[in-house]
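If you want the building blocks of each chain, they are given just below.
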Amino acid sequence: MAYDEDVGEFSPPSATNENLTCDFLVAGGGLSGLSAADAAIRRGLNVVVIEKGVYGKEAASGLSAGQFLTGWAKPIDVMITELAQQDMEKGVYGVQAHRRAERRVRAFLRRTVEGCQQLEELDHDYNLRASVQHGACTAAITEADMASLEAAYRFMEKSNLRALMPLADKRRPPFFEILGARQLQRRYGTAEGFYAGGVIDRFGGSFRPRKFLIGLARALRKRGVRFFQHTEAQALDFADHQMTVFCGNGATIGANTLFMANAYARHINGDALERAIFEYDYVVEVELPEGAKTLMAGSVLSDTRDPCFYARRHGRRLYMGYEETAETSPEIMRDVARRTLEEGKRVFPALGSLGDRDIKNAWSGRVYYTLDDYPFVERRHGGRVITFAAPSDHGNSLALRIGQLVGNVVPRSTSQPKNEADERQRRRNAEQLRLFESFPKGLRLRPGRRYQEAAFRDPEPPVVVSPAKTSVRNRSA
Ligand SMILES: Cc1cc2nc3c(=O)[nH]c(=O)nc-3n(C[C@H](O)[C@H](O)[C@H](O)COP(=O)(O)OP(=O)(O)OC[C@H]3O[C@@H](n4cnc5c(N)ncnc54)[C@H](O)[C@@H]3O)c2cc1C
């Protein structure tokens with residue numbers, strides 16, 4: 001089943017058995033890869049993007065639920081504690097370690113806000129018409145979740161993130177709004193008593209992922225980026241000061257710099273330092289009943305469960321997700337779609353009249369889990385191989401921003417003249433990337449439940465999580 005059928009295909013050739021050269025090779029045609037390609041082509045580099053599958057069909061970026069958000073999988077206080085601990089292990093004194101950790105978390109949050117803004121900029125610059133809208137609501141299941149959400153946003157406020165809001169009438173409006181239970185119910189059409197309240201994040205929002213991704217690829221091709229599909233980077237060689245990337249289809253590509261864009265480069269050359277396992281996330285599409293007041297005040301809502309329930313509205317279409325599974329098949333898809341609609345009906349009473357026959361479409365996308373708890377960037381071979389990997393069930397905005405930083409740090413080939421502004425930007429962006437390089441490595445993602453379940457899952461069917469669960473969801477700030 002295709003997602004967003006209104007969007008045409010993007011089918012570049014496969015480069016089978018070809019010999020190519022470029023300044024900058026991007027492996028991975030998702031948001032991080034295309035964003036890097038965009039930044040590099042703007043700087044005049046010669047750029048090639050290869051995708052191991054079909055553009056827009058394999059990347060999480062083409063299949064996602066279409067929210068873009070600030071923040072990360074972990075609550076802010078947990079991140080501060082962990083990062084302070086990391087510094088203390090290196091001998092930094094307690095209070096100082098805590099302050100440093102706060103600074104790092106602030107910088108991290110800023111990058112995610114910049115990612116949200118970049119999404120809008122790309123949509124605008126390339127006229128992608130991917131229906132980008134601001135305002136993403138996170139709904140709290142319990143009072144404790146609500147308190148945690150509020151604390152996160154107070155921290156962001158103290159971190160002066162408001163300075164990143166665009167001016168409106170010569171002032172910067174607040175970037176979030178806290179909603180009580182009744183306000184949330186009235187404005188988003190949720191069931192009475194279901195949520196304890198929520199927060200609307202105005203940096204975050206919603207968009208049409210496939211429309212965005214395919215449109216961006218087309219626009220970049222027009223700008224001169226060369227694209228290939230069914231072309232998987234499999235091995236690297238550094239003979240005679242030349243880096244060559246060998247692909248599964250026989251293509252060989254000589255490049256100055258390689259960016260593995262969430263493409264699990266650590267497995268390349270058998271260098272399997274990290275285990276990647278994956279699950280499937282689902283999106284289910286229904287048509288809203290005539291006159292339904294669902295998501296009237298804002299087009300997207302997710303909640304604090306783990307995994308969360310999320311919903312995005314685009315006209316009369318409603319996209320929802322709720323479950324993850326270890327494997328997928330048409331039968332599993334049908335069952336998940338049915339249960340997701342049931343959950344949707346509990347959250348939004350206006351869907352009450354819908355039945356299985358009203359499910360228009362349902363699809364799944366792969367979500368990778370790595371042994372790293374934080375998104376990481378690694379520069380190896382003198383910076384010529386840059387790897388970005390993040391568990392991909394979170395982070396349209398982060399993927400975009402990290403890709404942009406990478407595209408901006410890639411050196412020009414020596415034959416090109418140096419330009420001072422470009423050098424300054426390179427240095428600034430390299431500094432910002434270092435944050436991601438310095439995050440703790442080897443921690444387990446979301447210790448416990450989801451990781452363990454994915455790794456050692458028994459063949460039982462997935463259990464629908466009860467709304468009483470209190471864990472804070474990864475897609476919230
Ligand atoms: C169903 C679903 C719903 C989601 N909903 C949301 C949401 O609402 N909000 C949000 O923020 N995030 C969401 N996400 C996560 C979000 O989509 C990802 O964080 C983001 O798209 C990651 O982008 P990326 O470019 O880093 O990786 P990807 O989009 O996964 O792209 C990586 C690409 O690399 C390719 N590749 C891998 N190895 C190689 C190789 N060796 N050579 C060449 N190519 C290779 C892959 O085929 C893939 O196309 C969702 C994900 C899924 C699956």
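Starting afresh in each chain, residues are numbered from 1 along the sequence in its written order. Thresholds applied to this predicted model are a pLDDT of at least 70 for local features of residues and 80 or more for the giving and counting of side-chain atom pairs; totals over whole chains, interfaces and linings are not thresholded and use all residues. Side-chain numbers come from the whole structure's heavy atoms, not from hydrogens or water.

A. Layout of helix H3 (residues 76–89). What counts as a helix is a DSSP run of H or I of at least four residues, what counts as a strand is a run of E of at least two, and both are numbered from the N terminus. By definition here, a helix of n residues has an expected span of 1.5 Å times n minus one. Across its 14 residues, H3 extends 20 Å between first and last C-alpha, which sits within 8% of the 20 Å expected from 1.5 Å per residue. Here the term buried applies to any residue with accessible area under 20% of the maximum for its type, exposed to any over 50%, and partly exposed to those in between, with areas from a 1.4 Å probe on protein chains only. When we look at burial in H3, the residues that qualify are Ile76, Met79, Ile80, Leu83, Ala84, Gln86 and Asp87. Looking straight down H3, one finds that the buried residues subtend no more than 155 degrees of arc, so they occupy a single side. Exposed and oriented more than 90 degrees from the buried face of H3 are Asp77, Thr81 and Glu89. It only takes one pair of heavy atoms within 4.5 Å for two residues to be counted as in contact. On its buried side, H3 packs onto helix H4 (94–125), helix H5 (143–158) and helix H10 (420–438). Glycine 91 lies just past H3 and shows a positive phi near 95 degrees. Each C-beta atom gives one direction from the helix axis, and the arc is the one those directions make.

B. The pattern of salt bridges, seen in detail. Take a side-chain nitrogen of Lys or Arg and a carboxyl oxygen of Asp or Glu: if they are within 4 Å of each other, that pair is a salt bridge. Taken as a whole and assessed by the stated rule, the structure comprises 28 salt bridges. Across the pair arginine 111 and glutamate 114 runs a salt bridge, and its minimum N-O distance is 2.8 Å. Highlighted residues: arginine 111 and glutamate 114, both in helix H4, separated by three residues, approximately one helical turn. The same class applies to arginine 111 and to glutamate 114, which are both buried. Between glutamate 192 and arginine 182 there is a salt bridge whose closest N-O contact spans 3.9 Å. Linking glutamate 192 in the loop between helix H6 (181–188) and strand E6 (197–206) with arginine 182 in helix H6, this pair joins segments that are 10 residues apart in sequence. Taking relative accessible area as the criterion, glutamate 192 reaches 61% and is therefore assigned exposed.

C. Spatial organisation of the side chain of asparagine 408. Relative to the helices and strands, asparagine 408 resides in helix H9 (residues 396–409). For asparagine 408, the side chain forms a polar contact with the side chain of asparagine 429, separated by 2.9 Å. With residues up to four places along the chain from it excluded, the contact list for asparagine 408 reads Ala39, Arg43, Gln425, Arg426 and Asn429. Polar contact is defined as a pair of N or O atoms within 3.5 Å, subject to the rule that within protein one atom must be able to donate a hydrogen and the other to accept it, and that residues adjacent in sequence are counted only when both atoms are side-chain atoms.

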